[in-house]
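Summary of structural features
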Amino acid sequence: MDESDFRRRHPGGGPKLAERLARSIEDEIVGQGWPVGRNLGSEAALLGRFGISRATFREAVGILEYKQVAAMQRGRSGGLVVRAPAAAVVAESVAAYFYFANVSVDELYETRTILQVLAGKLAARRITEDDVVRLREMTDRPGAFGERFEVTLGKLSGNPALAIFLPTLMRVTGMLAGAPSGLELAPEVASARRRGWLAIIDAVISGDEAATERRMTRHLAADRAWITDYLRRHGNPATVAGTGGTGKRAEQIALLLSREIAERAHEPGTLLGSEPELLARLGIGRSVFRQAVRILEHNGIARMRRGAAGGLAATAPDPAQVVDALALYLQYLKVDVAAICETRTAIELETVALAARQVSDVDTTVLAEALRAERVNGDPARDTHGAVHVALAELAGNTLLTLFIAVLSRVSKYRSDAAAHEDPARLAAASADAHEAIAEAVLAGDPSLARHRMSRHLRALEPHLRTG
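Throughout what follows, the structure given in this document is the object of discussion.

Now for the sheet that holds strand β3 (residues 271–273). Spatial strand order, β3-β5-β4: three strands in an open sheet with antiparallel pairing. For this open sheet the edge positions go to β3 and β4 (302–305), each flanked by a neighbour on one side alone. Each adjacent strand pair in this sheet contributes to an overall mean axis angle of 35 degrees, direction not counted. For β4 and strand β5 (residues 311–314), the ladder comprises four bridges, and the chain directions are antiparallel. Bridged to A302 within β5 is A314. On the sheet, helix α13 (residues 275–282) packs against β3, β4 and β5 and is oriented at approximately 60 degrees with respect to β3.

Set out below in structure tokens:
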């Protein structure tokens, strides 16, 4: 077998061959149940198995290592070893995408409100004696609030999806406003924020879901107003988390170049410089630079152009890579069906309501095409099903919500047992009917009806998801 054989077996005009190879290995790891520590084979063995060049293979390994899916282990018994991805690394890379996609404060706080209210209510419902002790300890340490408070609630919710989504959103918040929880706040502002946190903690410990929702919503509204005013007065500090000395040098350089693209508002295609120019300006070696370029290319932020007029060119951030990274991580966590469904329901009900309130101002062509494609080609186990949910989300105009829905739709597809249904064609038709009814309510500008129909549809899907 040679590289052309791999190209024929894994066609695709979009992603580079190395990216397709990395995806093929990821699929294999997911299919094996993510066996951390398993050696998939030596470099020589994998080169022979896939029939690709050493350069392509090593580029694919660089992608896998960046995503914390697998890493090359050196030595006599070395090879490509499956890794346990770190939540912080996943959250950081996803947050960087959102930052460079110019997510607004309104989008951020719409999303935070949905997910933090859900986390707070679930924490209130599931809180244990140990959790009470943990929260009480936070109230005794004033400096323990801020990001740690919201992240802790995500963990106390018992929902692994929230435990990764919330840290991501907190990092985006920090990027937008220079880590507001660590800024010098006026005494009255700091005091008001602390009172808000304490009120939420009291409601959670009391098991009062309604009070938790009210207090969390009020707290986030005040936080949103504060950050909006701060940015109006001071501008965006463009602080990118993760550029300190603790990360790998290539990742630091990638984030530095990403920040330059964002700060200078480079249009896709704008050259940042040739390789020699950037090596000289950044003061780094070719190996580190090329690893950084791999990270940028993987995240759809920039790409090397070859030729006399070539160099590192800005591109439009690619949400597909972020969806893939988050969906992979949730697969690694083996998030159960209940967690998927409760998160997806909370997000999708609010999203279709948002879409219905502003549908007169948006283009519905993508939604119409997604509905048509599902009716002609789709079934609940295929991407056409998720495409309708994403198209509905896009009408809400919120990049964060759209991406999280794409992630949860992807994980639901992984778990779909629709093919085992006694009548898959009837199930597919019922799903298409439900989607068209939801779209009808959204396009009619009826938020409550859109929520009702989406809720019924998601409940109908749940029995067709595998629990394992």
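Of note, E275 is situated in helix α13. Since its relative accessible area comes to 12%, E275 is described here as buried. Here E275 is in contact with R286, F289, R290 and M304, once residues within four sequence places are set aside.

For the structure shown, the criterion picks out 24 salt bridges. R136 is paired through a salt bridge with D202; the nearest N and O atoms lie 3.7 Å apart. Of this pair, R136 sits in helix α7 (residues 129–139) while D202 sits in helix α10 (residues 187–205), placing them 66 residues apart in sequence. Using a relative accessible area of 39% as the deciding quantity, one classes D202 as partly exposed. Salt bridges linked by common partners bring R23, D27, D324 and R410 together as one network.

This part takes up helix α6 (residues 105–126). Taking 1.5 Å per residue as the helical rise, α6 with its 22 residues ought to reach 32 Å, and the 31 Å between its terminal C-alpha atoms agrees with that figure. Where burial is concerned, most of α6 is hidden: 16 out of the 22 residues are buried.

A packed helix pair is summarised by two numbers, namely the angle formed by the two axes and the spacing between the axes. It is at 10 Å that the axes of helix α3 (residues 43–50) and helix α4 (residues 54–66) come closest, and there the two elements cross at 110 degrees. The angle between α3 and α4 places the two elements in the roughly perpendicular class. Contacts between α3 and α4 involve E43, L46 and L47 on the former and, on the latter, R54, F57 and R58. Taken together, the residues of the contact of α3 with α4 break down into three nonpolar, no polar and three charged.

Attention shifts here to the packing of aromatic side chains. Considering all chains together, one arrives at four aromatic pairs under this definition. Plain terms: the ring middles of W226 and Y230 are 5.3 Å apart, the flat faces sit at 20 degrees to each other, and that makes the pair stacked. Placement of the pair is W226 and Y230 together in helix α11 (residues 209–234), with a separation of four residues, close to one helical turn. Relative accessible area serves as the criterion here: at 17%, W226 is assigned to the buried category. Accessibility expressed as a relative area gives 14% for Y230, which makes it buried. By way of ring pairs, the aromatic residues W34, Y329 and Y332 are connected into one cluster.

About the cut-offs
Residues numbered from 1 in each chain as written. Predicted model: local features only at pLDDT ≥ 70, side-chain atom pairs only at ≥ 80, totals over all residues. Heavy atoms only, no water. Pairing = 2+ DSSP bridges. Helix = DSSP H or I, 4+ residues; strand = E, 2+ residues; numbered from the N terminus. Axes fitted to C-alpha atoms, helices over the stretch in contact; angles between N-to-C directions. Contact = heavy atoms within 4.5 Å. Buried < 20%, exposed > 50% of the residue type's maximum accessible area, 1.4 Å probe, protein only. Salt bridge = Lys/Arg side-chain N within 4 Å of Asp/Glu carboxyl O. Expected span 1.5 Å × (residues − 1). Parallel < 35°, antiparallel > 145°, perpendicular 65-115°, else oblique. Nonpolar A, V, L, I, M, F, W, Y, C, P; charged D, E, K, R; others polar. Phe/Tyr/Trp six-rings, centres within 6.5 Å; stacked < 30°, edge-to-face > 60°.

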